[in-house]
Amino acid sequence: MGTVTAKRPVRRGTRSTGHAAPPNPLSWRAKARRDWPLLAMNLPMLLLVLAFWWIPALGNVIAFQDYNPYTGGITGSPVIGFTNFALLFQDPQFLRAILNTLSITAFQLVFYFPVPIMMALLLNSIVSARLRAFVQGVVYMPYFFSWVLVVAIFQQMFGGAGLLAQILRDNGREAVDWMTNSDTFILLITSQTIWKDAGWGAIIFLAALSTIDPNLYEAAAVDGARRWRRMWHITLPGLRPVIVLLLILRLGDALNVGFEQFMLQRSAVGSEASEVFDTFVYWSGMRTGDLGYGAAAGLFKGLVGLLLILAANRVAHALGERGVYSRS
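Quick notes on the rules
- Residues numbered from 1 in each chain as written.
- Predicted model: local features only at pLDDT ≥ 70, side-chain atom pairs only at ≥ 80, totals over all residues.
- Heavy atoms only, no water.
- Helix = DSSP H or I, 4+ residues; strand = E, 2+ residues; numbered from the N terminus.
- Rg over C-alpha atoms; globule rule 2.2 N^0.38 Å.
- Buried < 20%, exposed > 50% of the residue type's maximum accessible area, 1.4 Å probe, protein only.
- Areas by Shrake-Rupley, 256 points an atom, 1.4 Å probe, with all protein chains shown as cover.
- Lys, Arg positive; Asp, Glu negative; His and termini not counted.
- Charge placed at Lys NZ, Arg CZ, Asp CG, Glu CD.
- Salt bridge = Lys/Arg side-chain N within 4 Å of Asp/Glu carboxyl O.
- Contact = heavy atoms within 4.5 Å.
- Phe/Tyr/Trp six-rings, centres within 6.5 Å; stacked < 30°, edge-to-face > 60°.
- Core = buried A, V, L, I, M, F, W, Y, C linked by side-chain atoms within 4.5 Å.
- Patch = residues over 30% accessible without salt bridge, like charges linked within 9 Å, V, L, I, M, F, W, Y side chains within 5 Å.
- 1 Å grid on protein atoms, 1.4 Å probe; cavity = no way out; pocket = protein on both sides within 12 Å on 5 of 7 lines; lining within 4 Å.
- Points joined across faces, edges and corners; volume = space filled by probe spheres on them.
- Nonpolar A, V, L, I, M, F, W, Y, C, P; charged D, E, K, R; others polar.

Participant: Break down the overall build of the chain for me, with residues and values.
Facilitator: Across its full length, the chain holds 15 helices and 0 strands. Here the C-alpha radius of gyration of the chain, 28 Å, is well above what a compact globule of 328 residues would show, namely 20 Å. Seen through its C-alpha atoms, the chain measures out along the principal axes to roughly 110 × 65 × 35 Å. When the 328 residues of the chain are sorted by exposure, 29% land in the buried category. Total accessible area on the chain stands at roughly 22200 Å², and carbon and sulfur atoms take up 65% of it. With 27 positive and 18 negative side-chain charges, the chain shows a spacing of 21 Å between the two charge centroids.

Participant: Any chance you could break down the pattern of salt bridges for me, citing the residues and the numbers?
Facilitator: A full pass over the atoms with the stated rule returns 5 salt bridges. Residue Lys-301 pairs with Asp-278 through a salt bridge whose shortest N-O separation is 2.5 Å. Of this pair, Lys-301 sits in helix α15 (residues 291–318) while Asp-278 sits in helix α14 (residues 277–287), and the two are 23 residues apart along the sequence.

Participant: Which residues make up the environment of Asn-256, and what are the values?
Facilitator: Here Asn-256 lies in the loop between α11 (227–252) and α12 (260–269). Note on Asn-256: relative accessible area 29%, which makes it partly exposed. Measuring from C-alpha to C-alpha, the distance between Asn-256 and Asp-278 comes to 6.8 Å, with 22 residues separating the pair along the chain. Sequence-distant contacts of Asn-256, defined by excluding residues within four places in its chain, comprise Arg-250, Asp-278 and Lys-301.

Participant: So what's going on with the packing of aromatic side chains? Residues and values would help.
Facilitator: Under the defined criterion, the tally for this structure stands at 22 aromatic pairs. Relative to Phe-277, the ring of Phe-94 has its centre 5.6 Å away and its plane inclined at 70°; by these criteria the two rings are edge-to-face. Taken as a pair, Phe-94 in helix α4 (residues 92–111) and Phe-277 in helix α14 lie far apart in primary sequence, 183 residues in all. For Phe-94, a relative accessible area of 0% gives the class buried. Feature note: the residues Phe-89, Phe-94, Phe-277, Phe-280, Tyr-293 and Phe-300 constitute an aromatic cluster, connected by ring pairs.

Participant: Mind laying out the nonpolar core, listing which residues take part and the relevant values?
Facilitator: Taken as a class, soluble globular proteins show a tendency for nonpolar side chains to be buried jointly. If you look at the biggest cluster of nonpolar residues, it comprises 16 residues, and the most contacted ones within it are Ile-117, Ala-120, Phe-205, Leu-209, Leu-239 and Ile-243. At the level of elements, α5 (114–125), α9 (185–209) and α11 are the ones that each hand at least two residues to this core. At 5 residues, α9 tops the list of elements feeding residues into this core. Leave out the neighbours within four places in its chain, and Ile-117 touches Phe-205, Leu-239 and Ile-243. Counting residues in each nonpolar core, the second largest holds 14 residues, with Val-150, Val-151, Met-179 and Val-269 among its members.

Participant: An account of a nonpolar patch on the surface is requested, with residue identities and associated values reported.
Facilitator: A contiguous nonpolar patch, built from Leu-43, Met-45, Leu-46, Leu-47, Leu-48, Leu-50, Phe-52, Trp-53, Trp-54, Ile-55 and Leu-58 and spanning about 1300 Å² of accessible area, is present on the exposed surface. Structurally, Leu-47 is set in helix α1 (residues 28–57).

Participant: Lay out the layout of surface pockets in plain terms, naming residues and giving numbers.
Facilitator: The volume enclosed by the largest pocket comes to roughly 1100 Å³. Contributions of two or more residues to the lining of the largest pocket are made by α1, α11, α14 and α15. Counting residues per element, the lining of the largest pocket draws most heavily on α15, at 11 residues. The residue makeup of the lining of the largest pocket, split by class, is 19 nonpolar, 8 polar and 2 charged. Reported here for the second largest pocket is a volume of approximately 710 Å³. Taken together, 24 residues form the lining of the second largest pocket, with Tyr-112, Thr-193, Asp-197, Arg-250 and Asp-253 sitting closest to its centre. Per element, the largest residue contribution to the lining of the second largest pocket is 6 residues, and it comes from α9. Among the residues forming the lining of the second largest pocket, the class breakdown is 14 nonpolar, 6 polar and 4 charged.

Below you can see the structure in the form of structure tokens.
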């Protein structure tokens, strides 16, 4: 006599496909109960950001006013709408500052951004741990120098009375003052940035290299892959998320190429070559007293940076990377 097997009843509202139903998304209250230790840990920093970033950002309202701090202030100055922005785009100095800033950013993306990556790869290839620590300490020590000291060192090396000029004169050559040459100013500031910041930037990529599984290199070596093949197929893919993240942040910071570095060398090369966005805001707003005009320039800079970050982050998501942020 055959055995009869009872069928398991199927609940209503569920599919009998054998696959588990996807979990329901948590509400914000459930996420808060789950993540409250992390939120409590970040609360002091959030308060600092609120006090020193978000509340002062409300002062950008003066970009839409004929602001006078001595008579009306923020509450008493007349509202003029987008007049400051219209005057901004009619100012040839503003357009020159944007052109110089974007040119310097594009140049440094090509000739500076890869330098910390290559430096990290070279440091990671040094076998001796003591030698690697010594070289790493030497290359990132300039990061702690101020821009005043960096410009002074370059002046002593490449100025009209510097070491290079003296060597050229002693050998019967014509000396060149690289510190006052506006045609090569972009090369000068890029070399200064590399010397000062590349070693420190390499630390981020060294940290990323330490997360790559060494077994991958051993397996690739057993399969006959040489050093260049291992770097191309293992090292660079392991660094790609960090590279994409830093590239997004650099694009969002495209209109911010520095202030002290350019102010210190403005008188030597002239404003035609050294006028960038930050120096324009300083000279047009702080030095002239037209704070509403300067605030309009600063607000424009912030909005452009925000749009660049959003666009670059969307491109990163399209390439399969996490980017700066992603929806949970």
